[in-house]
Structures are given as C-alpha cells and as structure tokens.
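Residue-level structural notes
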Amino acid sequence: MQLATRHLAARYGDHWALRDASLTVMPGRVHALVGENGAGKSTLIKCLAGLLRPARGQILIDDTPATIAGPRAAEARGLRFIHQELGQVPYFDVVENAYLGRRYPRKGLWIDRKAMDETVRQAAALIAPDLALGTPVSRLSAGERQLGKIVRAFMGQAKVLVMDEPTAALGTRETGRLFEVIARLTAAGVAVIFISHRLEDVLAIADDITVLREGESRGSFAANQLDRARLIALMSGRQSAAAAPPRPARPGAPVTLAINEVVLRPGASVSLTVRRSEIVGLYGLLGSGRSRLLKSLFGAPGFALKPPADIRLDGKIFRPASPAEAIRAGLALVPEERRSQGLFPDLSLVENLSIAHLASFRRWRWLAMPDRAAERAHFHAIATALALVFRRPDQPIRQLSGGNQQKLMIGRWLRRPPRLLLLDEPTRGVDIAARRDIYTEVRKLAGGGAAVLFASSDLDEIRELADRVVVMRDGAAVADFARDAFSTMDILEACYGRT
Amino acid sequence: MVAHNARLALLNRYGTLVALLVIIAGFSAASPGVFPSLANFLAISQQMALLAIIAVGATFVMIITEFDLAISAVASFAGILVVTLLHQAVPLPLALGLTLLAAAGVGTASGFLVAWFRVPSFIATLAISTIVSGLTFWISGGATLFGHLPASFLALSRGAPGGLPALSLWMAGLGLVAAWAAAQTEWGRRLYAIGGNREAAALAGVAVARDSLSAFIASALFAAICGILLAARLGSAHPTAGDGFLLEAYAAIFLGTTAFKEGEPNIFGTLLGAAIIAVLANGLTILNVPSYMQDILTGAIIIISVLLRALRQR
C-alpha cells in the first residue's frame, strides 16, 4: 500500500501545528520523518491515525483520497501506530495491553486467554523474545514498556507501520532487533514511517527521509544522499554547530562521589568515582542497572540503599533514605521519564520550578510561605539562562514542548547549584536546539564545581558530554574509559561482554 | 483571536461565579422584596456555613486526589463526644480540645492507611467512617443527647457579634485560613504537587506520605469543628446529625473545581460551591418548591457544571 499526503495542514485552536506537509511513503521502504520538536511530526501522525482532522490538504491511499475518521478506521485500513505517548493500562500485562481496543478471541462465553497469549507471543518472538508478557506493565522498565507497545503494533496484518520515537527508550540490543524486524517487514512489502531524534538510527534504517520544519515539509531525500551534518542543517535551517570545546581535564580534583563495591543486584557490584567538575557518562543496555544506580544514590522510594553499602559523598558515608535527604545533602536528580516522574502537568511553570527548593523562597524564615514575587523573579532568571520558550510564567507546564519541559526539569535544581547532579537520559525526545542548551547548562554547572553523573543510551550524547564513561552490564560497572581513550567500539564491546 | 482566548479563559475561571450571580438575579426577580434582602443573605450565609466548613476541610484531601468519606461520621462523632464530655462536667476548653484531638486521631488513622500502606482512600475512609459511626452510637447509646449545656458552648454558634451570625463568621475565618494555607504556604504547594504527580513530588523531595497524612488530619479537624458547631447550634447532638453533609460537601467541592483554578479543587471554589447549593435551597424554599424538587434541581446543576467543565477541557 502506498500512503501519501498532499499539502496537509492541521491546527489546535488557532495554532497551526502543521502547515503544509507532502510526502509519499512507498511499500517496502522505510520512510523517516525528521525535524526538531514542534516541527509537526506528531501532528502529521495524529492526522494519519484519525486522532486529528486535517484542516486542509489530502491523505491519499494508493492514489485515492481517503478520510480516516478515527483510530479504528485507521486500523481497518492496515495502518498501525506506535505512538510516543500512547498510554498503557498500568495493571494490565503486555498481552492485555496489546488487546486494548481490539476484539478479544472468545471461546463460548469466555475470553480465550490462551489464544491471546499465543498471538502476542508470536508477535513478540520477532522483537522481544524474553519480554515478560504476563507481568503488569507497571512493573516493567520504560524500555520494556516500549517493547510492549511495539509488540502491540506488530499484531495482525499491518500494511503501513508508523513508529514515533520507537528507539527512545531502547538499548542497543533491542534497537538492533527492532531494525532486523523492520527489515523483515519491509521485505514483505510493509511500508514503515520512522520518526526519531536519533539521527544515527535514522541514517541506519531509512530508505527515504522527509524533513519537516516549522510545520512544512522541506523536501524528501533518498537516505544515501544525506549525511548527519546535512540532515541537521536541513532540520534546523542552519549549519550544524561546531563540536563542543574539550573541557580541561582535572585529574587532581577532589572526589565528590565514591561508590565502592555497592551491590545493586546479587553477584554484581558497582564501583566508580566522580570528581568535582567532572562529567561522567553511564552507558549500558536496557536493564543494565543505570537508572537503578541513580535512583539509589538519590534515595528514591523503593531504591534506598541500606548498610553496608559504601557510598561516600565528599568522603563521608552517604546513604539517603529519601530524596528529601539527598537534596539536603546537595544532590539533584533529573529523572528518566519526564512525564511520570518529573512534571506536575497542570501546575504552572513557576510552581514546577520552585517545588524542590520551596523553603528558599520564604520572606520570613519562620513562616513557611513562599514569596511569589521572589519565585517569579527566580523563574525569569532561569528562563533567560536556559533560553526557555514560553508564553506566561503561570501557564501549565503541559503546554510546553518536550525540550522546554526538560529545561525546566534541570532548572528546578539551579536554585542551589548541586554538589552532585544526576541525570537520567537528559535529552530523551528533545530537539537539537534544546539539547544544545541543556548540554551548555550541564557544562556550566560542572564548571562551577558540580560533579555530574548521567545515564544515557545515546552514544552521541555520551561522546558529546562525558569526560569519562562508565559502562554497566547486568548491574555491575564493567569498564571505565577516559574521554580521549574511548571509542564507540570499546563501549559497545564492554556492553556486550566481549572485553 | 488572542482577545477571544483571553475571554474564554476568563469565563473558565469565573463562569461558576457568574452562574451564582445569575441564580441570585433569577431568585431576586422571582421573589422581589423577600429573596434579595440583607437579612436573607445573612440567613443564607448562616445556612451554608456548616456545609462550607466541612467541605473546605475535605478539599485538602481532594487536592492530593484522594477521598475522605469519613467526614460526615467524624462530624456526628464530634458532636456526640463534645456534648458527652460537657455532660460529664468537663470544662468547655478541655472538652473542645479532647474532641479535636480525637478527630485528629481519626484523620491520622485514615491518612496512615492511605499514605503508608497505599490502601485506596475510598475504601480506607469508608471503613474508618463505619468504625467511627459505631463508636458514636456506642458513646451515645443511640440517643439524641440534649440539655444541660453551658451557655458558653451554645454561644459558639448562636451569637451575632456586630450583627453578623456567629456561624457565618466561623465560616469566613476558617475559610480564609484554609484558603491561605492551600494557596500561599509551602504545605499547600506540596499538596498540589502530590495531587499533580505523586512520583514526581517524591523525587522533588516532598515527603509524600507525611504530607498526605496531614491532609487527612486537616479534613478530620474541619469535620469535627462542623460537628461541634452543629451541636452548639441545635443545643443537642444526634449520632447521625452529620450524615447529610457527605454528598453535599463533595457536590460543593466538585462545583468548586470548575471555578478559579481551572479543574483543580480549591478553597474559594469550594466556598462558591457551598454558596450555590445554599442559595438554591433558600431561593427554592422561598418559592415554595417542594424539597424533592430541590434535590432534583441541585443534582441537575451539579451534573451540568461538571459536564461544562468536561466539555471545556476538550
């Protein structure tokens, strides 16, 4: 099936999120859709999914104008979607979530659970053979949940498969498997629309690439005509920025964080140090224990470490029992999942910013009452420093783009610059411009003396930001590379255990 | 376009207030001379006071997106307890203190179940409510307790200092304190954070369990004050005196979420909700509308307001 759009436009209220998008997706090919946040990619997808009615333009299926009235109509036409923000029912397992909104197989009066299991298992065998299909998704990691969504999209006869940031939460191994499956599907004639901020993924998998900018398609290209720099230039409308200036090494700086053989999981231990002003990247596959380590350091509920765990902050034993305690000790955590772990979607930008250091806004020390004027002044200072794009300080944060939300998640910790800054996937789903602002801010904090430990499954990010890389595998720190001593190969080999 | 949006936002915030004014205008036109008088407005403020107080307290629990279904049982319990203590010749300040302390204990029990053990608040507070009702009947022997109450106790609800009914003053005072606490203090801000995203609040350093517990205690204390003032007003206490407040309190809170803070429970919104309910009851009574019609109308108005809110959020 061939799917095309002609001058498609759509709006939310009086905001035109999509102005003029034309592209043609051919059967058997992977068509990547790239653009910065707010370029209109998700809006375009929503039109194809029947979630949003286009205001102008046409959707053509096999050269015939088509109306897609709703998600069911889209599914009936053979369109399958992996939405970036598709919700899952937390206490349903992968199988039940996969069947959400679909017709259940029946055996007389009963739902045929066996048939459900079997269908989903077949779909999962392609991409995630060891995914726990019977576990409530609330107990799965972000990456495993993402795999669950992909499995759902693989069920039934797909003609066009639309994937919005499918690899954002995936490790290298899962991404590799996903690409294998995509290759198999396209060989069978399925058309794939692939949306990603990860240009390495796009260049690795795409046959065709359409660039969106400011709601308009700025041309479609054969992927082999493009390289990374050209792609960035097309997306941003400017030449790609020069690589980050190398930061001076500080070998003699005092050790801020020292983790000494801390056991996160039986039979595996982590040892690492982060010095003052040093930025250390944590790289590892899905489930390697990176997020767990960061949460434990921060005393997150359910992750707090007990004696005899030997963690030292500036030389003193440090085992926070709660985030509040960690914050008092000068730690900050920007969590992995912005939406579920970071944002207060309905609260204002100001309220989202000041929540972690509320008590610092008192007018009188004895009265636990934040001074709104002081909060607002602080917000404007942070907004300027981070080049935040917003309308009003009291607008709910859900109205901001992902990149700007993420800036505020970091801005939250700038009231009292942290001694130790922990970042978990600091730029997931964030566009290039915002990413640059975030890196700048992190480097500035490090320059001011903060020790930074960040987890990332984006090798570009590791290369760009880290002074040193620690690789984790199965709950253990297995390798430690200095900036000028690591190559992509080294890191990947450490991940997969070929050391 | 921008002006249009601004107007829409204004309607979002103040639409419910406008609705109250429209209702008042309607009643004023329907019964001129009777409804729109200072005396009647003061009467309305007195009629709404107890509902407003109990609903304001429960608003704190709604802010953290939980329910406290024990409020009416606590109100009945507080009335019975304070009158029993006074009958035992316990001095008034001590009787009030002990009653509030007991209520705080109930709030702690609910809060503990919900905050530490993550028992769904609906179930936890329903069970607590049942236990508290049982205690109330136990203490009272199931009877209405009356007579032999000190004048200082009765004066809590009966005086009219400066021409303003005591109950209205209680409502105003407690309402202002609650509104300040919810909107202007770190505590209130943390409650909204918990309600907005529990996990994010925890990771931002909010002591989620402790603050959730405190919301239940606040709710129980306001319910107890409501029960005490009711007993003082009536000069008697009945083991089910507070029962009628439960649904009306949540009606007031839900009406209130449609005002001022766009979809979130807030104290002034709850007060506005209680005012709408009281004005309707008062106006319809003046117009001789039978009470069952009042119930139907009140229910319909709540549905309409919540529907409007749902439609606006589309």
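Residues numbered from 1 in each chain as written. Chains lettered and ligands numbered in written order. Predicted model: local features only at pLDDT ≥ 70, side-chain atom pairs only at ≥ 80, totals over all residues.

1. Here we look at the overall build of chain B
To keep things clear, this is the line we draw: For the purposes of this entry, the term helix denotes a DSSP run of H or I that reaches at least four residues, the term strand denotes a run of E that reaches at least two, and both are numbered from the N terminus. Here the globule rule reads 2.2 Å times residues to the power 0.38, and the radius of gyration is calculated from C-alpha atoms. Exposed residues have 12 or fewer other C-beta atoms within 10 Å of their own C-beta, buried residues have 20 or more, and residues in between are partly exposed; the C-beta atoms are placed from the backbone.
From N to C terminus, chain B includes 13 helices and 2 strands. Taken over C-alpha atoms, the radius of gyration comes to 20 Å for chain B, in line with the 20 Å a tight globule of 314 residues would show. The dimensions of chain B, computed from C-alpha atoms along their principal axes, are 70 × 60 × 35 Å. Burial analysis of chain B (314 residues in total) assigns 49% to the buried set.

2. Comments concerning the pairing of strand β20 (residues 451-455) of chain A
Residues and elements named next belong to chain A. Our working rule: Two strands are said to pair when DSSP picks up at least two bridges between them. With the strands pointing away from the viewer, any crossover whose connection runs clockwise from the first strand over the helix to the second is right-handed.
Among the 5 residues of β20, 5 are classified as buried, and the element is accordingly described as predominantly covered. In β20, alternate side chains face the same way, and those of A451, L453 and A455 on one face and V452 and F454 on the other are all buried. In this structure, strand β15 (residues 279-284) lies alongside β20, joined through 4 bridges in parallel fashion. Across the sheet, V280 pairs through a bridge with L453, a residue of β20. As defined by bridge partners, strand β19 (residues 420-424) adjoins β20 across 5 bridges and the pair is classed as parallel. Paired with L421 across the strands is V452, a residue of β20. In this fold, the crossover linking β19 to β20 by way of helix α15 (residues 432-447) has right-handed handedness.

3. With respect to the sheet that holds strand β22 (residues 476-482) of chain A
Residues and elements named next belong to chain A. We apply this condition: Orientation is described by axes fitted as lines to C-alpha atoms, over the contacting stretch for helices, and by angles from 0 to 180 degrees between their N-to-C directions. Two residues qualify as a contact pair if the distance between their C-beta atoms, derived from the backbone, is within 7 Å.
In space, the 6 strands of this open sheet follow the order β18-β19-β20-β15-β21-β22, with mixed pairing throughout. The open sheet terminates on both sides in strands that have one partner only, identified here as β18 (331-334) and β22. Along the sheet, successive strands turn relative to each other by an average axial angle of 20°, direction set aside. Bridge count between strand β21 (residues 468-473) and β22: 6 bridges; the pairing is antiparallel. Looking at the pairing, V469 lines up with F481 of β22. Relative to β19, helix α9 (residues 290-297) is tilted by about 145°, and along the sheet it contacts β15, β18, β19, β20 and β21.

4. What about the domain arrangement of chain A?
Residue and element names in this part refer to chain A. Put simply, the rule reads: Domains are outlined according to an automatic or database domain assignment.
In terms of domains, chain A is made up of domain 1 (3-236) and domain 2 (255-496). Put simply, the middle of domain 1 and the middle of domain 2, counted by C-alpha atoms, are 30 Å apart. Of the residues lining the interface, 20 residues belong to domain 1; the matching set on domain 2 comes to 20 residues. Elements with a contribution of two residues or more to the side of domain 1 that touches domain 2: α5 (142-153), α6 (172-187) and α8 (228-236).

5. Here's the deal with the nonpolar core
Residues and elements named next belong to chain B. Selection criterion: What makes a nonpolar core is a set of buried Ala, Val, Leu, Ile, Met, Phe, Trp, Tyr and Cys residues, with links drawn between C-beta atoms within 7 Å.
With 177 residues, the main nonpolar core has L51, I53, I54 and V74 as its most contacted residues. Examining the composition of this core, we find that 18 residues originate from one element, helix α10 (residues 208-234), more than from any other. Leaving out residues up to four positions away in the same chain, I53 has contacts with W170, M171, L174, F222, I225 and C226.

6. Regarding the sheet that holds strand β16 (residues 310-313) of chain A
All names here are of chain A. As summarised here, the arrangement of the 4 strands in space is β14-β13-β16-β17, forming an open sheet in which the pairing is antiparallel. What marks the edges here is a single partner per strand, and that holds for β14 (268-275) and β17 (316-317). Strand direction decides the pairing type here: strand β13 (residues 255-265) and β16, joined by 4 bridges, are antiparallel. Residue I259 lies in a different strand from β16, and its bridge partner there is I311.

7. Some remarks on helix α13 (residues 372-385) of chain A
All names here are of chain A. Using the following cut-off: In a helix, the anticipated span is given by 1.5 Å times the number of residues less one. This arc is built from the directions going out from the helix axis to the C-beta atoms.
With 14 residues, α13 should cover 20 Å at 1.5 Å per step; its first-to-last C-alpha distance of 20 Å lies within 8% of that length. The complete set of buried residues in α13 reads E375, H378, F379, I382 and A383. Taken around the axis of α13, the buried residues stretch over an arc of 135°, which confines them to a single face. Turned more than 90 degrees away from the buried face of α13 sit A373, A377 and T384, all of them exposed. Elements in contact with the buried residues of α13: α12 (349-354) and α14 (402-411). Immediately beyond the C-terminal end of α13, within one or two residues, lies A387, with a positive phi of roughly 55°.

8. Points about the interface of chain B and chain A
Counting residues at the interface gives 19 residues for chain B and 25 residues for chain A. Looking at the side of chain B that touches chain A, the elements with two or more residues in it are α8 (186-196) and α9 (198-203) of chain B. By residue number, the principal contributor to the side of chain B that touches chain A is α8 of chain B, which donates 6 residues.

9. Describing unusual backbone geometry
Following P307 of chain A, the chain continues into P308 of chain A via a peptide bond in cis, with omega recorded as 10°. Positive phi, close to 50°, is recorded for E165 of chain A, a residue that is not glycine. Topologically, E165 of chain A is positioned in the loop between β9 (160-164) and α6. We note that N288 of chain B has phi near 60°; this positive angle belongs to a residue other than glycine. Locating N288 of chain B in the fold gives a position in the loop between α12 (267-286) and α13 (291-312). A residue is classified by how many C-beta atoms lie within 10 Å of it, and N288 of chain B, with 8 of them, is exposed.

10. Remarks on the pairing of β16 of chain A
For a regular strand, side chains alternate in direction, first toward one face of the sheet and then toward the other. All names here are of chain A. As paired elements, β16 and β17 share 2 bridges and run antiparallel to each other. Bridge pairing in β17 links L313 to K316. Between β16 and β17, which pair antiparallel one after the other, the connecting turn spans 2 residues, and D314 there sits at a positive phi close to 50°.

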